[in-house]
Amino acid sequence: MGIREIKSNIFSVGAIDWDRRLFDELIPLPDGTSYNSYLIRGSEKIALIDTVDPSKEQELVDNLKRLGISKIDYIITHHAEQDHSGTLPKMLKIYPDAKVVSTQKCKDMLMDLLLVSAEKFITVNDRDTISLGNKTLEFIHAPWVHWPETMLTYLREDKILFPCDFLGSHLATSDLFVTDEAKVHESAKRYYAEIMMPFRNNIKRHLEKIRSLEISIIAPSHGPVYNKPEFILNAYEDWISDKVKKEAIIIYVSMHGSTAKMIEYFVEVLIENGITVKPFNLTKTDIGELAMALVDASTIIVASPTVLAGPHPNIVYAVYLANALRPKVRFASVIGSYLWGGKMLEQITTMLTNLKIEIIEPVLIKGYPKESDFKLLNRLADDIIKKHREIIA
Ligand code: FEO
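No experiment lies behind these values; they were computed from the predicted model shown.

(A) View of the overall build of the protein. Check the secondary structure of the protein and you find twelve helices and 23 strands. For the protein, the C-alpha atoms occupy an extent of roughly 80 × 40 × 35 Å along the three principal directions. Across the 393 residues in the protein, those meeting the buried criterion constitute 58%. Expressed as a percentage of contacts within the protein between residues at least 6 apart in sequence, the contacts between residues at least 24 apart total 72%.

(B) Just helix α9 (residues 287–294), in detail. α9 sits mainly inside the fold: seven of its eight residues count as buried. All of the buried residues in α9 are I287, G288, L290, A291, M292, A293 and L294. Buried positions along α9 lie against β5 (27–28), α5 (181–196), β17 (245–252), β18 (276–281), β19 (297–307) and α10 (313–325). Where α9 begins, the capping side chain belongs to D286, and its oxygen is found 2.6 Å from the backbone nitrogen of G288.

(C) Here's a closer look at the sheet that holds strand β1 (residues 4–7). A sheet is described by the order of its strands in space; here seven strands give the open sequence β1-β2-β7-β8-β9-β10-β11, paired in mixed fashion. Taken across any chain shown, the strands that pair with only one partner, and hence form the sheet edges, are β1 and β11 (121–123). The average angle at which neighbouring strand axes cross in this sheet is 25°, direction not considered. Here four bridges tie strand β7 (residues 38–41) to strand β8 (residues 46–49), and the two strands are oriented antiparallel to one another. Among the inter-strand pairings, Y38 is bridged to a residue of β8, identified as I49.

(D) The arrangement of the pairing of β18 in detail. Where β17 lies against β18, six bridges are found, and the strand directions are parallel. Bridge assignment links I250 to a residue of β18, and that residue is P279. Viewed along the sheet, the connection from β17 through helix α8 (residues 258–272) into β18 turns out right-handed.

(E) Structural view of the sheet that holds strand β12 (residues 129–131). Spatial ordering of the open sheet is given by β12-β13-β14-β15-β16, a layout of five strands whose pairing is mixed. Only two strands of the sheet have a single neighbouring strand rather than two, namely β12 and β16 (217–218). The sheet contact formed by strand β14 (residues 151–155) and strand β15 (residues 160–162) spans three bridges and is antiparallel. For T153, the partnering residue across the bridge sits in β15 and is F162.

(F) The pattern of salt bridges, seen in detail. Going through the model one piece at a time under the given rule, you end up with 24 salt bridges. Put simply, R190 and E194 hold a salt bridge, and the shortest N to O gap is 3.4 Å. With a gap of four residues between them, R190 and E194 both fall in helix α5, about one helical turn apart. Comparing R190 with E194 shows no difference in burial state: the two are buried. With its nearest N and O atoms 2.8 Å apart, the salt bridge here joins E230 to R211. Residue E230 is located in helix α7 (residues 229–240), and its partner R211 is located in helix α6 (residues 200–211); the two are separated by 19 residues in the primary sequence. Classification of E230 as partly exposed rests on a relative accessible area of 41%. R211 sits in the partly exposed class, given a relative accessible area of 31%. Salt bridges sharing common partners tie together R190, E194, D286 and E289.

Parameters and conventions
- Residues numbered from 1 in each chain as written.
- Predicted model: local features only at pLDDT ≥ 70, side-chain atom pairs only at ≥ 80, totals over all residues.
- Heavy atoms only, no water.
- Helix = DSSP H or I, 4+ residues; strand = E, 2+ residues; numbered from the N terminus.
- Buried < 20%, exposed > 50% of the residue type's maximum accessible area, 1.4 Å probe, protein only.
- Contact = heavy atoms within 4.5 Å.
- Polar contact = N/O pair within 3.5 Å; in protein donor to acceptor, adjacent residues only side chain to side chain.
- Pairing = 2+ DSSP bridges.
- Axes fitted to C-alpha atoms, helices over the stretch in contact; angles between N-to-C directions.
- Right-handed = clockwise from strand over helix to strand, strands pointing away.
- Salt bridge = Lys/Arg side-chain N within 4 Å of Asp/Glu carboxyl O.

Here it is in structure tokens:
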């Protein structure tokens, strides 16, 4: 990435990963990502905020060398996940006097994950501070964004918040600060949807906490730095709010055309009735796009053929994921086709136990859709329209 100065004596020293396309062997990264690390030079002490993914270890080492850093006093380790902590062992080899500053839980995890020895740590409580001379680091515990050990750092004198994963975006860009707000909004929303959404209630509390700080810059551990903090804080407030949009998401798979025909018809009916609808054919879609759509939608429709007496396995995967992501959807229904029976409906609905949803009467048909089946789809569309009228915008 090279070295960029954010403010006097505060440098971005991390790495851009232009080519990474999958995270945790699960999450698509269509725009790559970055592993941001920051160096803060105080009048008496030097702190490094997080490290980088082990695959980019040399870039961090080289950046610190080029900055002439021969001693680091503190390595602030917000989060034990290896994309930020993975280069810690290397840093401790190069800077053996550095102390790792973390929560107690993060210390325990780093000892287990990276075999860092106990005497290397200074553990901090919520709102503890460390002085670098003319700069003060204040630590804010923020468990469950998205692991239980996480903390954030507020640099008081410069009013900079370092929130680690929180408020970040998987986006490889040469921009230090946000320039393309629409693009960053999309990447940050995708990041929230895939990683933070299951912890929406924790995020609400953390957001309230950081709203009490005076912040001029937010420097996350992924994606560009925010020099207009309101941009990302307002976006998060929208995503975590209890409000839903009058949108219907359809996730579907079709094997021999029956389900596809029903969805084609059903989408048309919804569009003609002015309902925003987003169909996701699971054989084509990027699962991250589906996660993003789940952030705001009020209604989810699951549509599947019957396979081995149950839903198609791709549907099982998507429904499992939707349930695990705990979106704030309020209504759900099932559309399906069978030829000789099965338990698709029960299997789908029993997988949605995390969601506080009302199930709208499903449409399950035998074989290819006939005139009477299209009428059932009209009824389902009417039910959705009525339910959407109940939503207070
Ligand atoms: Fe960017 Fe949770 O690691």
